[in-house]
Amino acid sequence: MILSILTLIVGETIGLWIVSEKLIIPADRMPAAMWLYQASILSACIGILNVPYNSTIIAHERMGAFAYISIMQVIAKLLIVLVLPFFMCDRLILFSLLMVIVSIIIQVAYWQYSYRTFEEVKYKPIWNNAIWKDIIGFTSWNISCDLAFMCNTQGLNILLNIFFGPIVNVARGIAVQIESIMRQFVGNFQTAINPQITKKYAGGQIDESLYLVLRVSRFCFYIIMLMGIPLYFEIEYLLKVWLGNIPEYTISFAKITILMVVIDGLSNPLHLLIYASGKVKTYQIILSSIYLTYLPLSYCLIKFYSVSPEVILIMLLLFKTVMVGVRIKRINSIVGMKIQQYLTEVLFPIVLCLFLAVIVPIIITVLFEQSFIRLMGTTVFTVLSSLPIIYFVGLRISEQELVKQYIKRIVFKVNCL
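These notes cover the structure that comes with them.

What counts and what doesn't
- Residues numbered from 1 in each chain as written.
- Predicted model: local features only at pLDDT ≥ 70, side-chain atom pairs only at ≥ 80, totals over all residues.
- Heavy atoms only, no water.
- Patch = residues over 30% accessible without salt bridge, like charges linked within 9 Å, V, L, I, M, F, W, Y side chains within 5 Å.
- Areas by Shrake-Rupley, 256 points an atom, 1.4 Å probe, with all protein chains shown as cover.
- Salt bridge = Lys/Arg side-chain N within 4 Å of Asp/Glu carboxyl O.
- Helix = DSSP H or I, 4+ residues; strand = E, 2+ residues; numbered from the N terminus.
- Buried < 20%, exposed > 50% of the residue type's maximum accessible area, 1.4 Å probe, protein only.
- Polar contact = N/O pair within 3.5 Å; in protein donor to acceptor, adjacent residues only side chain to side chain.
- Contact = heavy atoms within 4.5 Å.
- Core = buried A, V, L, I, M, F, W, Y, C linked by side-chain atoms within 4.5 Å.
- Phe/Tyr/Trp six-rings, centres within 6.5 Å; stacked < 30°, edge-to-face > 60°.

Concerning a nonpolar patch on the surface
Right, on to step 1. Together, Tyr68, Ile71, Ile75, Leu78, Leu79, Leu82, Val83, Phe86 and Phe87 give the surface a local cluster of nonpolar side chains, amounting to about 950 Å² of exposed area.
Right, on to step 2. When you line up the elements, Leu79 lands in helix H3 (residues 63-83).

Topic: the side chain of Gln400
Right, on to step 1. With respect to the secondary-structure elements, Gln400 resides in helix H15 (residues 397-416).
Right, on to step 2. Residue class for Gln400 comes out buried when judged on its relative accessible area of 15%.
Right, on to step 3. Among the polar contacts made by the side chain of Gln400, one reaches the main-chain carbonyl oxygen of Tyr391 at a distance of 2.7 Å.
Right, on to step 4. When near neighbours in sequence (up to four residues on either side) are disregarded, Gln400 contacts Tyr391, Phe392 and Leu395.

Describing unusual backbone geometry
Glycine aside, residues mostly have negative phi, and peptide bonds are mostly found in the trans state.
Right, on to step 1. In this model, Tyr249 sits at a positive phi of 75 degrees, which is unusual for a non-glycine residue.
Right, on to step 2. When you line up the elements, Tyr249 lands in the loop between helix H8 (235-243) and helix H9 (250-277).
Right, on to step 3. Although it is not a glycine, Ser306 adopts a positive phi angle of roughly 50 degrees.
Right, on to step 4. As for its placement among the helices and strands, Ser306 is situated in the loop between helix H10 (281-305) and helix H11 (309-335).
Right, on to step 5. A residue is classified by how much of its surface remains accessible, and Ser306, at 63% relative accessible area, is exposed.

Describing the nonpolar core
Right, on to step 1. The biggest cluster of nonpolar side chains holds 74 residues, and the ones touching the most others in it are Leu273, Ile331, Val335, Met337 and Tyr342.
Right, on to step 2. Of the residues forming this core, the biggest block, 13 residues, is contributed by H11.
Right, on to step 3. Residues in contact with Tyr342, not counting those within four places in the same chain, are Leu214, Leu266, Leu270, Val324, Ile328, Met337 and Leu347.

Describing the environment of Thr250
Right, on to step 1. Turning to its location among the elements, Thr250 is positioned in helix H9.
Right, on to step 2. By relative accessible area, which is 0% here, Thr250 ends up buried.
Right, on to step 3. Sequence-distant contacts of Thr250, defined by excluding residues within four places in its chain, comprise Ala171, Ile174 and Leu239.

Comments concerning the environment of Val380
Right, on to step 1. Mapped onto the elements, Val380 comes out in helix H14 (residues 372-394).
Right, on to step 2. For the pair Val380 and Ile25, spaced 355 residues apart in sequence, the C-alpha to C-alpha distance is 42 Å.

Notes on the packing of aromatic side chains
Right, on to step 1. Throughout the structure, instances matching the rule amount to seven aromatic pairs.
Right, on to step 2. Relative to Tyr299, the ring of Phe163 lies with its centre 5.7 Å away and its plane at 65 degrees, an arrangement referred to as edge-to-face. Taken together, the positions of Phe163 in helix H5 (residues 129-164) and Tyr299 in helix H10 put the pair 136 residues apart, joining distant regions of the chain.
Right, on to step 3. Pairing Phe221 with Tyr222 gives two aromatic rings, centres 6.3 Å apart and planes at 75 degrees, and the pair type is edge-to-face.
Right, on to step 4. Tyr222 gets classed as buried once you look at its relative accessible area, which sits at 4%.

Distances and angles like these do not, on their own, reveal function.
The structure is reproduced here in structure tokens:
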């Protein structure tokens, strides 16, 4: 609640001043931009209020309820897109208002389910100094890093708008949409694994939690690889089909963003184990410093060296790579994981799988012109060639046995139908 109120205050003061005074927005679209901005603030506040309920559902591993509510949210957003063309008013304003309504409905759904199912979400006046000290310490460091991340993300958008104009923001927005779609696939997998990592660490099963993190890191990479390789090689054709006229910088932004998702897919499981340990102070200070360094450095490069927007995004990709190293080093100090262990169990297998998996799409894109047939061929043959590569190169023998057992169960169920 407090964080939501702070977000509202900052958004209606500093944020509002930046939007109205600093951003380059056509005068005739300023009213729509203000409506969208206000709707975004309200949605953000609602999302913050939703965190405890969402987290409780995940902590109890009630993935069925989580899935149903998520499906409801996706369907609602799809309906908004479908009905927008039938209205003659300003569709941007209508879109922002409808998205706020969806946010409220989803918040109510999470609240109702949690309140009826879990005793701990019911408010009770309890004061425990030890618990409050731990909560405030953990939360304050998280908030500081989250604020640094928010300043980095939104500051980048503002920086691009000031120096390069709205066209670059459009390209950045499209790239972010692609990023969101990719993150949803791997995010659902990670959401299901998060409670297991925390429970194992909290139960003193340190080695098991580390093994699970390393395993999840590889699996997340393989999920992103299956989706990201065809997307990377066919992004220009997909954007032509989607947009018609592709805004400048969109293709390069999209490709760099795909690589960022790959890096984050490796990094996030490490992040989860650090959080499970509760030892976040040093970790958050380092991450906050990296985030806060990026924006001034980007400003200096644009202001004094006139670098292109692609250079700024490539630099962000490099910063994210550095963060992977920071997380590996931090886990080394927390659970004693050796860097060599991460290299042999995660990095070497995924790099070899990636090297072998890109051979087929490279051949297809070199031999054939852009078309729907090439898109389908790249997608199908990349997946068909990558699956055996992942199985024989990317999985351990014990994991291969689990895959065999899973396939046998599916075949048995099919035969029983």
